[in-house]
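Notes for the structure review
Here's the letter readout for the chains.
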Amino acid sequence: MKKIGFLSFGHWSPSPQSGTRSGADALLQSIDLAVATEELGADGAYYRVHHFARQLASPFPLLAAAGARTKRIELGTAVIDMRYENPLYMAEDAGAADLIAGGRLQLGISRGSPEQVIDGWRYFGYVPEEGKSDADMARRHSEIFLDLLRGEGFAQPNPRPMFPNPPGLLRLEPFSAGLRERIWWGAATDATAVWAAKLGMNLQSSTLKFDETGEPLHVQQAKQIRAYRAAWKEAGHAREPRVSVSRSIFALVNDMDRAYFGGSEGEDHFGYIEPEKRAVFGRTYAAEPDVLIEQLKEDQAIAEADTLLLTVPNQLGVDYNAHVIESILKHVAPALGWR
């Protein structure tokens, strides 16, 4: 059994060919797709965060709105770029959105990927400490955020407050118990996956990672997941961790599917997402359901994960993306034992 959800980048374009032509369209359709996904019986709605782009950016208003419109599914991110985040303000936003959703948030955080502008986090007021990198800054922001989610008081109360305080040091409010265990780290390397395990975060592995062995993506990811689980066990955490992988998977069940995705590439490819950092980019799975089932049986990383996030072409509209998700649930998942 696997949890199955969607992952949307929330692209929008004013082009007449786009079904998502504005930021408002992207946000409102993202909420509608979460509602449709819940009605289909899937398990999660996840959103990507990209700054300075015609995509989804500030996640917490969206998560709160989707939480108010749904009752069961998980609502998450994959991922929030922690180079841009004030961890204290983020802890307040996350606590509020999680309470609105009834404790269903699953927040993926990370160092983030290359952005639309150079060093965009500097415009947000963040600069790495002397001798530190932007990745170090992201991890430091993440550690502060995780500490805040423990709910322990740390701030000295005013002796003459406007309103009465509870005794002792004060924590940030609103506080949502249990959210600390629902934080995930988006790891692009084996080393950061191990680091995440030590800190007690769940693991998200995307449709790409930095190439560390030259092997296909699914093989490298499977090794990453096994290294993560070994580090988790060594750290002695009491609970079982969760692991997700993202994939572009399309079951070709009608002419529209074949028109959109019938010619999609079926192989991984290697390239450079950052200078001097070679990455492996995962293939797109697009085939008739019986062929798709056999292909997915060979994906070692999917086999290792408990959660599968389906990347969706959000500009094709809510109805078509609901169809994409339903096709996997109906024609593929049962044969693979995911349902």
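Above this text you will find the structure in question.
One numbering rule holds for all chains: residues counted from 1, following each sequence as written. A pLDDT threshold of at least 70 governs which residues receive local features in this predicted model, and a stricter bar of 80 or more applies before side-chain atom pairs are shown or counted, although totals over entire chains, interfaces and linings include all residues. Each side-chain value is worked out from all heavy atoms of the structure, with water and hydrogens disregarded.

**Topic: the pairing of strand S10 (residues 277-281)**
Direction of pairing for strand S7 (residues 208-210) relative to S10: antiparallel, over a ladder of three bridges. Residue Phe210 lies in a different strand from S10, and its bridge partner there is Ala279. One requirement defines pairing of two strands: DSSP has to find at least two bridges between them. Helix and strand definitions follow DSSP, with helices as H or I runs of at least four residues and strands as E runs of at least two, each counted in order from the N terminus. As judged from the five bridges shared by strand S9 (residues 269-274) and S10, these two strands associate in the antiparallel manner. In the strand pairing of S10, His269 is matched with Phe281. Between S9 and S10, which pair antiparallel in sequence order, lie two residues; one of them, Glu276, sits at a positive phi of approximately 65°.

**With respect to helix H1 (residues 23-40)**
Helical geometry: 3.6 residues make up each α-helical turn, so side chains three or four residues apart lie on a common side. Taking 1.5 Å as the rise per residue, H1 with 18 residues should run 26 Å; its terminal C-alpha atoms sit 26 Å apart, in good agreement. The cut-offs for exposure are 20% and 50% of the maximum accessible area for each residue type, with area from a 1.4 Å probe on protein chains only; residues under the lower value are buried, those over the upper are exposed, and the others partly exposed. Those residues of H1 lying buried are Ala26, Gln29, Ser30, Ile31, Leu33, Ala34, Val35, Ala36, Thr37 and Glu38. Here, two residues are considered to be in contact whenever any of their heavy atoms come within 4.5 Å of each other. Of the surrounding secondary structure, the elements contacted by the buried residues of H1 are strand S1 (3-8), strand S2 (44-47), helix H2 (59-69), strand S3 (74-81) and helix H10 (318-332). Looking one or two residues past H1, Gly41 carries a phi angle of roughly 95°, positive in sign. One less than the number of residues in a helix, times 1.5 Å, gives the span that helix is expected to have.

**Concerning the packing of aromatic side chains**
Aromatic rings from Phe, Tyr and Trp, with only the six-membered ring used for Trp, were paired whenever their centres fell within 6.5 Å, and each pair was classed as stacked if the ring planes differed by under 30 degrees, edge-to-face if by over 60, and tilted otherwise. Scanning all chains against the criterion turns up nine aromatic pairs. Considering the side-chain rings of Phe52 and Tyr123, the 5.8 Å spacing of their centres and the 65° angle between planes classify their relative orientation as edge-to-face. Within this pair, whereas Phe52 is found in the loop between S2 and H2, its partner Tyr123 is found in the loop between strand S4 (105-110) and helix H4 (134-148), the two being separated by 71 residues in sequence. Judged by centre distance (4.9 Å) and plane angle (85°), the ring pair of Tyr84 and Phe124 falls under edge-to-face. Taken together, the residues span a long stretch of sequence, with Tyr84 in the loop between S3 and helix H3 (87-100) and Phe124 in the loop between S4 and H4 at a distance of 40 residues. Three or more aromatic residues link up through ring pairs in this structure, and these residues are Phe52, Tyr84, Tyr123 and Phe124. The residue whose ring lies beneath Arg48 is Phe9, and the NZ or CZ to ring-centre distance is 5.9 Å. Charges are assigned to positions over rings by a cutoff of 6 Å between ring centre and Lys NZ or Arg CZ, combined with an angular limit of 35 degrees from the ring normal.

Keep in mind these numbers describe shape, not what the thing actually does.
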